[in-house]
Structures are given as C-alpha cells and as structure tokens.
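Coordinate analysis (summary)
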Amino acid sequence: MKFSYYPGCTLKNKAKDLDRYARACAAALGIELIEPDDWQCCGGVYPLGKDEIAPKLAAVRVLADAAEQGNQLVTVCSACHHVLKRVNDDMKNDADTRERANRYMDLQRPYTGQTGVLHLLEVLRDRVGFDTLKEKVVNPLTGKKIGAYYGCLLLRPGDVMTLDDPENPRVMEDLIRALGAEPVVYPYRNECCGGYVSLGDKELTGRMCDRILESAVGFGAQMLLTACPLCMYNLRAHSDLPVYYFTELLAEALGVKEAAQ
Amino acid sequence: MSELTERIMEISGADPRKCMKCGKCTAACPVAGEMDIKPHQFASCLAKGQSDLLLSSNTLHKCLSCFACVERCPRDVRPGRLIDAVRQCVVRARGQAFLTPEEIPELLDDELPQQLLVSAFRRYRR
Ligand code: SF4
Ligand code: SF4
C-alpha cells in the first residue's frame, strides 16, 4: 500500500509526535508514506469565501502533485485533512475555482480534483481494516477507558468530509476497540474546542473545553484521543486529563513506540 | 437588496432568504450564549436587508467556524458561512484586521501550535 503523505507545518514543529508515530505505525502495517519534496502550509483553516483562490493554492499544489504520482493523498492532522478535502471538493465541483486555480498555476496537466484524500483513520478502517489491525496489536491497551475527541474539523460539513456520521461518529471508538481498550462515548465528543479563538480569547475556549472535559470525565474517560494539535493545545490548557494523539496509542499497541522515539 | 447584502451573499454562496427561522442553528451553536447577534438572527438581518447592523457584531470574533449550525440547518442557509462573509467584508477593508503581527509576540507560549497562528491570521486578516 503506497500513498502520498502530507504532514503539514505543525507536524514538523509542535506536533512532531503526531507525525513520527504515524510514520512508525504505517511502516509496521506495511504502508508506504511518500512525502512530496516541496509542499507549503495548507493555511490551517479552509477559506470560506467563494471568491478566494490564493489561500487554496498550497492545497491544490500538493493535490496535483499526488495526481502526478498516481497516488491518493494521506494526512493525519485534522486541520490539514479538512482543508485538503474541501479544496479538493471545490476543484472537482466548483467550475469557477477550478478554472481560476488552473489558470493561475499553469500546471503541466490540468487538475480537476482527481486525487483521493484520506485521513489516516480512513486508511486504518477502510484499507487495513480494524480486524486486521487487531491481529497486529502486540501490546493491547487492556483496561484503559478512552474517550475519542473528534471536535469539528474531522467531521463537518459531513457531505464533504465523508469521514463518518457527523452526529454520531464511530471510527475512533472502533479504533480504540481494535487496540484492546474500552471506548467511552460521551455527548460532547464532536463539539468544537474553540479552535483558533484561543489565540485571543482563552476564557472563551476555556469554557468550551471545560464542558467537553467534564462530559468525558463524567462518562468515565481516563484519557482522550485526538488527531488535532490545536484541540490538544486547547484541551491540555484546561485539565490534567491526559490527551494523546491517536497515533501515539496506536504505536504503543503495535509495539513500535519506543523505536519511534 | 443593499450592495452589502449582495456582497455577503456572493462571498458566502449562501442565501439567507431561505431561512425559516427554526432556530436550529443557534441551538446547535456552542458559543451562541456569548454572541450579541445569534446565528439565526444573522440570517434574518440579512434577509431583511439590515446587514449594516452585523458589521460591528461581536459574533464576528466569537464564531469558531465549527459548522455545527451548517450541519443542522434544514434549509441549507449555512449561517457559519454568512458570518464568515460578514467578517471578510470587515477585514478585507484596509486597516480593519482583527489581528496584527505586532500583537503576536505577547500571545505566544511554549506549547502553542503553528496551526493556531496560521488559522487565526486566515480568519482575522486579509
Ligand atoms: S460555525 Fe459559528 S455560528 Fe455556526 S455553530 Fe459554529 S460557532 Fe456557531
Ligand atoms: S437552522 Fe437554518 S433555517 Fe433554521 S433558523 Fe438557522 S439558518 Fe434559519
């Protein structure tokens, strides 16, 4: 199994763990992740204005590069995945964006949204399969009660993200089960952590994270799992409840955590 | 329809006139309690041509673009997009950015992820 792999800027800096454990797990599962030579930051948030082209171009470049390689494109950061999938949807379905981006970039071959964009969670579920994954687990996380924290970016808008049911997702719970632990389903798992607002208004994001954390702890979670560096930053600022990247627990269960460090 | 309302509809690609005032967007919004003008009121102000009111609303600072409202809206009005379009009408004008590079150093801490800075700049500045 071979994919183009887009780490994104935060995984090269503050979220190195998310990246290094993802690579170690992929290798352990026989997945080859190929990072393009040249990529730029996706911008972190999807540009919502219909007339915005420039802020989408970094995403288009990496999507077009994957198309040239004949690969699907895998990401692990919730935010990068969100931006790449939505820009790709525009390139496929919005003629104005497609034409303007292609005209601006003057690519060798026109890019029309042909690259499949996958979150690593989707690769684990749909390509590896959770049953197969379970067989590869050498250190089952038995006895751990883990709450999956989805937040907003992975799931919404559901018709474009298509990762899971945006109101009642289960991919991370199924992953937790495959790793031998017990998933804790709590109502605030798909509520936003406050996102970028925490730069200027930590009180607001604090209130939002408190609600999420209380809900998780109330339902018995001993730790949370996330795919987003910003969710982790916001949640950690407000509690001692451990928050892990899903790739870290996956690496632990697959027995490749030490080597990845 | 005012020029501003037209501009907001053009940027957002959403149509506030389809709103049936059910309030599901505001019910779903995790920060509605902090907003002076709630998501459903954004749609209704725009539909009534009162778009000027929205330019100084604190909602432009509070909205997280989390899309809970968009997911729940039965009429595809996409309030989160409307709010962002109003925000863009404000920040695109010179000197109206919500965030300047000079403010950054004192907002930093050791754990702050790069993603937070690029995201905030994308939303608060043009
Ligand atoms: S996108 Fe904005 S208005 Fe809509 S639910 Fe989220 S915070 Fe509320
Ligand atoms: S959910 Fe949609 S239709 Fe209902 S009040 Fe909000 S914008 Fe209007």
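Residues numbered from 1 in each chain as written. Chains lettered and ligands numbered in written order. Predicted model: local features only at pLDDT ≥ 70, side-chain atom pairs only at ≥ 80, totals over all residues. Heavy atoms only, no water.

Some thoughts on the overall build of chain A
The helix and strand inventory of chain A stands at 12 helices and 8 strands. In terms of overall dimensions, chain A has a C-alpha envelope of 55 × 45 × 30 Å along the principal axes. A total of 261 residues make up chain A; the buried ones form 62% of that total. For chain A, the exposed surface amounts to about 10,100 Å²; the carbon and sulfur share of it is 44%. Computing the positive centroid from 31 side-chain charges and the negative centroid from 36, chain A places the two 1 Å apart. (Helix = DSSP H or I, 4+ residues; strand = E, 2+ residues; numbered from the N terminus. Buried < 20%, exposed > 50% of the residue type's maximum accessible area, 1.4 Å probe, protein only. Areas by Shrake-Rupley, 256 points an atom, 1.4 Å probe, with all protein chains shown as cover. Lys, Arg positive; Asp, Glu negative; His and termini not counted. Charge placed at Lys NZ, Arg CZ, Asp CG, Glu CD.)

Here's the deal with the pattern of salt bridges
With the rule as written, the count across this model stands at 24 salt bridges over all chains. Of the charged contacts in the structure, one is a salt bridge between A:Arg125 and A:Asp126, with a shortest N-O distance of 2.8 Å. Between B:Lys62 and A:Asp201 there is a salt bridge, with the nearest N and O atoms lying 3.3 Å from each other. Of this pair, B:Lys62 sits in helix α4 (residues 59-62) while A:Asp201 sits in the loop between β6 (182-184) and α9 (202-218), placing the two residues on different chains. Residue B:Lys62 is classed as buried on the basis of its relative accessible area of 15%. Residue classification places A:Asp201 among the partly exposed residues on the basis of a relative accessible area of 22%. Overlapping salt bridges, with partners in common, bring together A:Lys12, A:Asp19, A:Arg23 and A:Glu35 in one network. (Salt bridge = Lys/Arg side-chain N within 4 Å of Asp/Glu carboxyl O.)

A look at unusual backbone geometry
Residue and element names in this part refer to chain A. Cis rather than trans, the peptide bond between Arg156 and Pro157 has omega equal to -5°. In this fold, Pro157 is placed in the loop between β5 (145-148) and α7 (158-161). Non-glycine residue Thr162 carries a positive phi angle of around 45°. Position of Thr162 among the secondary structure elements: in the loop between α7 and α8 (171-178).

Quick look at the side chain of B:Asp84
All names here are of chain B. Take Asp84: it is sitting in helix α6 (residues 79-91). Exposure remark for Asp84: the relative accessible area of 2% places this residue in the buried category. Among the polar contacts made by the side chain of Asp84, one reaches the side chain of Gln88 at a distance of 2.6 Å. (Polar contact = N/O pair within 3.5 Å; in protein donor to acceptor, adjacent residues only side chain to side chain.)

Thoughts on the site of ligand 1
Taken together, the neighbourhood of ligand 1 is formed by 13 residues, with B:Cys29, B:Cys63, B:Cys66, B:Phe67 and B:Cys69 sitting nearest. The class makeup of the residues in the shell around ligand 1 is 12 nonpolar, 1 polar and no charged. (Near = heavy atom within 4 Å. Nonpolar A, V, L, I, M, F, W, Y, C, P; charged D, E, K, R; others polar.)

Description of the packing of aromatic side chains
One pass over the structure, following the stated rule, counts 3 aromatic pairs over all chains. Note on A:Tyr6 and A:Trp39: the rings are 5.1 Å apart at their centroids and 65° apart in plane angle, and the pair reads as edge-to-face. Of this pair, A:Tyr6 sits in the loop between β1 (2-5) and α1 (16-28) while A:Trp39 sits in the loop between β2 (32-34) and α2 (57-69), and the two are 33 residues apart along the sequence. Look at A:Tyr6 and you get buried, because its relative accessible area is 1%. Geometrically, the ring pair formed by B:Phe98 and B:Tyr124 is tilted, given 5.9 Å between the ring centres and 40° between the ring planes. On the criterion of sequence distance, the pair formed by B:Phe98 in the loop between α6 and α7 (104-107) and B:Tyr124 in helix α8 (residues 114-124) is long-range, its members being 26 residues apart. The residues B:Phe98 and B:Tyr124 share a single accessibility class, namely buried. Members of the aromatic cluster, connected to one another through ring pairs, are A:Tyr196, B:Phe98 and B:Tyr124. (Phe/Tyr/Trp six-rings, centres within 6.5 Å; stacked < 30°, edge-to-face > 60°.)

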